[in-house]
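Structure assessment
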Amino acid sequence: MSPHLGPNVAQDVSELVEYHFMVNALLAGAIVAVTAGVAGWLMVLRAEAFAGHTLSVMAFPGASAAALAGIPAAWGYYAACALAALAIGRTGSLRGGRTPAPRGEAAAGIALVQAAALAAGFLFLSLYGGVLGDLESDLFGTFLGVSDERLITLLVVGAAVLAVLAAIARPLVFASVDPDVAAAHGVRVRALGSVFLLALGLAVAAASQVTGALLVFSLLVGPAASAQALTSRPLASLVLTVALGLIVAWVGLGVSYFSTYPAGFFIATASCLVYVLARLLAGLRSRRGGPRARLPAAEPAPGEVLA
Amino acid sequence: MSTSGATPAFELRAASVRLGGTTVWSELSASVARGEFVALLGANGSGKSTLLRVLLGALALSAGSADVLGAAPGRSARAVGYLPQRRAFDSGTRLRGRDIVRLGLDGDRYGLPLPGRRASAAARARVAEAIELVGASAYAGRAIGEASGGEQQRLLIAQALVRKPDLLLLDEPLDGLDLPSQAAVAALVAHISRSHGMAVLLVAHDVNPLLPYLDRVIYLAGGRAVEGTVEEVITAETLSELHGVPIEVLRASDGRLVVVGAPDPPAHHHDRHNRAGAGAAAHSGAHAH
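Residues numbered from 1 in each chain as written. Chains lettered and ligands numbered in written order. Predicted model: local features only at pLDDT ≥ 70, side-chain atom pairs only at ≥ 80, totals over all residues. Heavy atoms only, no water.

Notes on the nonpolar core
The nonpolar side chains of a soluble globular protein tend to be buried, and buried together. Ranked by internal contacts, the top residues of the largest apolar core, which has 131 residues, are A:Leu200, B:Phe37, B:Leu210 and B:Ile234. If you tally residues by element for this core, the top one is helix H2 (residues 20–46) of chain A, at 14 residues. (Core = buried A, V, L, I, M, F, W, Y, C linked by side-chain atoms within 4.5 Å. Buried < 20%, exposed > 50% of the residue type's maximum accessible area, 1.4 Å probe, protein only. Helix = DSSP H or I, 4+ residues; strand = E, 2+ residues; numbered from the N terminus.)

Below is the structure:
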């Protein structure tokens with residue numbers, strides 16, 4: 001039977017989960033939403049979207065290198081992302097010192113990593129001499145072909161990324177918002193930045209299995225930026241990020257099943273929609289509160305004698 | 001925290017620092033006793049922040065020795081509170097003031113805080129106490145990026161205080177604040193130093209907001225340092241000798257010191273002095289360098 005989106009949502013959902021491949025796709029979407037959500041939340045906090053974008057284009061060198069080596073494209077992607085993450089981390093430390101490079105300098109380093117990786121991708125492709133298979137699904141994502149084996153790989157990678165991020169969460173946040181004081185407290189600011197990039201690279205590679213390489217940002221940035229717009233409480237915004245990510249991934253995959261278009265399109269659209277709504281809501285809230293009464297600087301501190 | 005103890009909060013003996021082949025200062029000896037409130041003064045580039053980095057253990061001496069709280073610099077990091085020279089937080093930083101203060105307490109720990117009720121309640125209480133102490137309770141729940149410069153500075157002082165340090169190093173905490181905020185933050189730091197017996201070394205551009213509170217000053221110029229009370233150090237003789245050019249020190253009727261002729265770029269904060277009204281005419285030298 002051909003998939004048909006009916007008015008009865010419960011029936012639509014039960015139709016979705018009748019198929020093993022669709023259950024696998026939804027599970028993969030969930031793993032990816034959680035992993036990319038948490039990694040993306042930290043990425044947004046660190047303002048490292050450019051590094052994240054560079055990691056997402058590693059799909060091309062990764063896939064072409066994998067084709068050349070005769071291994072599955074996903075493995076090439078994981079390896080290319082990890083290598084690029086290490087390279088970006090190294091460009092940051094070329095100048096020495098313990099604190100991060102100024103943003104402009106860091107961006108130049110990242111841009112060069114991106115250019116070098118794309119160049120390598122073209123080289124691998126010429127050496128391979130063939131045409132990359134599954135190009136469209138690599139770029140735009142698919143709900144098809146999430147095998148049990150692939151699902152388990154995703155689960156392992158996702159769990160590893162989350163475990164690493166949980167372990168370094170506090171010093172990483174400290175190093176992100178307050179590098180000087182963090183360094184004075186003995187936090188290894190540079191090293192943590194590199195470890196985070198590596199985890200981010202793996203999260204990006206995992207997420208692209210579902211969203212496609214071009215639209216990986218929809219799960220990486222959308223939910224995290226929406227949540228951070230809505231609340232500045234760290235735990236609440238992290239939980240909200242994961243919840244929004246799950247909604248975006250599942251709605252995108254579900255709608256994609258009933259249509260003829262790639263999953264990544266719907267996931268990206270849902271993600272943008274969520275972000276726009278979050279921004280509108282945040283704007284509405286701050287307007288209703290009026291220009292927030294600046295706390296009078298005259299609020300006397302204990303022992304204050306001059307003001 | 002200990003207020004007694006014969007060991008000074010820090011002591012530098014014949015200390016020298018070279019950075020990139022240039023000697024920043026040499027043969028520098030200075031110390032601050034426990035509970036003392038001392039300002040570190042000097043022109044731009046005289047090595048004030050460098051001295052703080054030495055005390056933090058982030059920079060090694062090329063000669064001489066340094067003790068911080070009776071140990072080598074950096075060894076007693078948990079007992080040293082540090083407020084770096086900085087610009088404001090990005091307005092998009094989506095963390096609350098309270099979270100920034102909390103990072104000062106246990107932000108260097110790996111792993112997630114276990115929801116062990118007692119420990120985390122104690123940590124929250126400690127954070128609330130530090131915020132209360134600086135009078136920031138009313139806005140600690142808002143995103144740090146939304147706070148004004150003065151509010152952010154109070155929260156950052158709370159962050160530096162949250163571990164109840166024995167030595168507080170503040171790098172230009174008054175920079176970028178309007179005059180009332182400068183006065184308020186100076187009073188706050190003095191109050192904390194007195195009430196908690198905490199040694200404070202405060203890097204400043206302008207000594208005037210600090211005048212009512214300072215125990216002593218350390219003045220850096222020309223690779224050397226002079227320490228003593230304000231009356232001893234901020235004098236025409238001492239400063240002329242340090243800088244090697246004639247310098248005049250005038251005292252306004254309200255007690256403010258005006259240093260004339262110091263070889264330093266012109267003051268960049270005229271507007272602040274103008275807003276203050278009194279002393280506006282003396283802007284060109286209303287800071288002690």
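After presenting the structure, the write-up continues.
What about the interface of chain B and chain A?
Often the size quoted for an interface is simply the accessible area lost on bringing the parts together. Contact with chain B, which involves 45 residues of that partner, is made by 36 residues of chain A. Of the roughly 3400 Å² buried between chain B and chain A on both sides combined, carbon and sulfur atoms contribute 58%. Contact with chain A buries surface across chain B, with B:Arg94, B:Leu103 and B:Tyr110 losing the most and accounting together for 18% of the total. Here chain B and chain A share one salt bridge between them. The salt bridge involving A:Arg170 is made with B:Asp106; its shortest N-O contact spans 3.1 Å. Linking chain B with chain A are seven residue pairs in polar contact (both at pLDDT 80 or more). (Contact = heavy atoms within 4.5 Å. Buried area = accessible area lost by both parts, 1.4 Å probe. Salt bridge = Lys/Arg side-chain N within 4 Å of Asp/Glu carboxyl O. Polar contact = N/O pair within 3.5 Å; in protein donor to acceptor, adjacent residues only side chain to side chain.)

What to know about the sheet that holds strand E4 (residues 63–68) of chain B
Residue and element names in this part refer to chain B. As summarised here, the arrangement of the three strands in space is E2-E1-E4, forming an open sheet in which the pairing is antiparallel. For this open sheet the edge positions go to strand E2 (22–32) and E4, each flanked by a neighbour on one side alone. Within this sheet the neighbouring strands show an average axis-to-axis angle of 30°, counted without direction. For strand E1 (residues 10–19) and E4, the ladder comprises five bridges, and the chain directions are antiparallel. Residue Arg13 lies in a different strand from E4, and its bridge partner there is Ser65. Here helix H1 (residues 48–56) sits on the sheet in contact with E1, E2 and E4, set at roughly 115° to E1. (Pairing = 2+ DSSP bridges. Axes fitted to C-alpha atoms, helices over the stretch in contact; angles between N-to-C directions.)

A word on the layout of surface pockets
What the second largest pocket holds in volume is close to 1200 Å³. Considering the residues around the second largest pocket, the lining is formed by 31 residues, among which A:Arg170, A:Pro234, A:Leu235, B:Asp99 and B:Pro113 are closest to the centre. Counting only elements with at least two residues in the lining of the second largest pocket, the list comes to H2, helix H8 (148–177) and helix H13 (234–257) of chain A together with helix H2 (97–106) and helix H3 (117–133) of chain B. Grouping the constituent residues of the lining of the second largest pocket by class yields 22 nonpolar, one polar and eight charged. (1 Å grid on protein atoms, 1.4 Å probe; cavity = no way out; pocket = protein on both sides within 12 Å on 5 of 7 lines; lining within 4 Å. Points joined across faces, edges and corners; volume = space filled by probe spheres on them. Nonpolar A, V, L, I, M, F, W, Y, C, P; charged D, E, K, R; others polar.)

Focus on the packing of aromatic side chains
All names here are of chain A. The full count for this structure, using the stated rule, is six aromatic pairs over all chains. On the numbers, 4.9 Å between centres and 85° between planes, the contact of Tyr257 with Phe258 is edge-to-face. The exposure classification of Tyr257 matches that of Phe258, with both residues buried. Put simply, the rings of Tyr19, Phe21, Tyr257 and Phe258 pair up and form one aromatic cluster. (Phe/Tyr/Trp six-rings, centres within 6.5 Å; stacked < 30°, edge-to-face > 60°.)

Section: the packing of H2(B) against helix H4 (residues 149–161) of chain B
All names here are of chain B. At a minimum axis separation of 7 Å, H2 and H4 run at an interaxial angle of 25°. Considering the angle they form, H2 stands roughly parallel to H4. Read as a crossing pair, H2 and H4 show a hand that is right-handed. Side by side, H2 and H4 meet where Gly97, Ile100, Val101, Leu103 and Gly104 of the first sit next to Leu155, Leu156, Ala158 and Gln159 of the second. Partitioned by chemical class, the residues of the contact of H2 with H4 number six nonpolar, three polar and no charged. (Parallel < 35°, antiparallel > 145°, perpendicular 65-115°, else oblique. Left-handed = near helix turned anticlockwise from the far one by under 90°.)

Here we look at a nonpolar patch on the surface
All names here are of chain A. Where nonpolar side chains cluster on the molecular surface, the patch consists of Leu68, Leu123, Leu127 and Tyr128 and spans about 380 Å² of accessible area. Tallying contributions element by element places helix H6 (residues 103–128) first for the nonpolar patch, with three residues. With respect to the helices and strands, the residue Tyr128 is situated in helix H6. (Patch = residues over 30% accessible without salt bridge, like charges linked within 9 Å, V, L, I, M, F, W, Y side chains within 5 Å. Areas by Shrake-Rupley, 256 points an atom, 1.4 Å probe, with all protein chains shown as cover.)

Re the sheet that holds strand E8 (residues 216–221) of chain B
Whenever strands of a sheet pair, they do so through backbone hydrogen bonds, lying parallel or antiparallel. All names here are of chain B. What the six strands build is an open sheet, ordered E5-E6-E7-E3-E8-E9; its pairing is mixed. With partners counted over all chains shown, the strands left at the sheet margins are strand E5 (80–83) and strand E9 (224–228), one partner each. Going across the sheet, the axis of each strand differs from the next one's by a mean of 15°, ignoring polarity. Where strand E3 (residues 37–42) meets strand E7 (residues 199–203), four bridges bridge the pair, whose relative direction is parallel. Bridging from a neighbouring strand, Leu40 pairs with Val203 of E7. The sheet contacts of H1 involve E3, E5, strand E6 (167–171), E7 and E8, and relative to E6 the element is tilted by about 150°. Contacts from helix H5 (residues 179–196) reach E3, E6 and E7, with the element oriented near 135° to E3.

Focus on the confidence of the model for chain A
Within chain A, residue pLDDT values average 84, and 87% of them lie at 70 or more. In the predicted structure, residues 290–307 of chain A sits below a pLDDT of 50 and forms 33 contacts with residues beyond four places in sequence or in another chain. (pLDDT = per-residue confidence, 0-100.)

Things to note about the side chain of A:Gln114
Residues and elements named next belong to chain A. Along the chain, the position of Gln114 falls in helix H6. In this structure the side chain of Gln114 is engaged in a polar contact, spanning 3.5 Å, whose partner is the side chain of His53. Among all residues touching Gln114, those that are not within four sequence positions of it are Phe50, His53, Thr54, Val57 and Met58.

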